[in-house]
Amino acid sequence: LVLDGMHDAVRLNTNVLPFKGSFTVELWVQASTNAAGMPRTCVSQGTGSNVFALGFDALGRLRLGTSWVTTLPFPLGDWHHLAVVRDTTSTQIYVDGGLKTNQALALPHPPQTANFCIGARPDGGSEFWLGRVDELRVWQRALSATEIQQSTNRIVLGNETGLAGLWPFDERIRTNAMDSSAVR
């Protein structure tokens, strides 16, 4: 999925992240530059301070939600596998299969009335992603570090236990992004 950083986004008319318990969001992303010095969001759901939003801030640092800006520079240039694991007591961020940072707090669950968005903030009108997104997967469980490492080079079929959403972006028509999971 190629996003132009100006107005392209995929807005689902539903929520995807669970309202309780653990979850994992993983995807392949590519962003070639942050020359404009703008925050960018590759996936999101929620509103206000209760938002899940993965991307980078205006300084190019990896950011999750509205309050957790890491000291890690977002890996610009090549394709990278990102994974966010939220369990009942903590949150971890993985880059290319390796744990890069964690916090001893579980992210808040985004409201279930909020739609899931790919390529922008949940309102669908800001922080547009400039780059590409591929093989987006949402799990209704916390994947282990070993599973994250294996996921970087594994094809998911859509019927795996705990898989809540799968967007491989293999569609030939650019206006559709189909969920290939067995759940929807």
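This text goes with the structure placed above it.
Note that this is a predicted model, so its numbers are computed, not measured.

Enquirer: Go over the pairing of strand β10 (residues 98-103) with me, naming the residues and quoting the values.
Expert: Side-chain positions along a regular strand alternate between the two faces of the sheet. For strand β9 (residues 91-95) and β10, the ladder comprises 5 bridges, and the chain directions are antiparallel. By the bridge assignment, Q92 is partnered in β10 with N102. Joining the antiparallel neighbours β9 and β10 is a turn of 2 residues, in which D96 adopts a positive phi near 50 degrees.

Enquirer: Break down the packing of aromatic side chains for me, with residues and values.
Expert: Going through the model one piece at a time under the given rule, you end up with 5 aromatic pairs. Residues F56 and F74 carry aromatic rings whose centres are separated by 5.0 Å and whose planes lie at 50 degrees to one another, so their mutual orientation is tilted. Highlighted residues: F56 in strand β5 (residues 50-56) and F74 in the loop between β7 (68-73) and β8 (80-86), separated in sequence by 18 residues. On the basis of relative accessibility, which here comes to 5%, the residue F74 falls in the buried class.

Enquirer: Break down the sheet that holds β5 for me, with residues and values.
Expert: Across a sheet, paired strands are connected by hydrogen bonds in the backbone, their directions being either parallel or antiparallel. Here 6 strands make up an open sheet; going across it, the order is β2-β11-β4-β5-β6-β7 and the pairing antiparallel. At either end of the open sheet lies a strand with only one pairing partner, and these are β2 (10-11) and β7.

Reading the values: the criteria
Residues numbered from 1 in each chain as written. Predicted model: local features only at pLDDT ≥ 70, side-chain atom pairs only at ≥ 80, totals over all residues. Heavy atoms only, no water. Pairing = 2+ DSSP bridges. Helix = DSSP H or I, 4+ residues; strand = E, 2+ residues; numbered from the N terminus. Phe/Tyr/Trp six-rings, centres within 6.5 Å; stacked < 30°, edge-to-face > 60°. Buried < 20%, exposed > 50% of the residue type's maximum accessible area, 1.4 Å probe, protein only.

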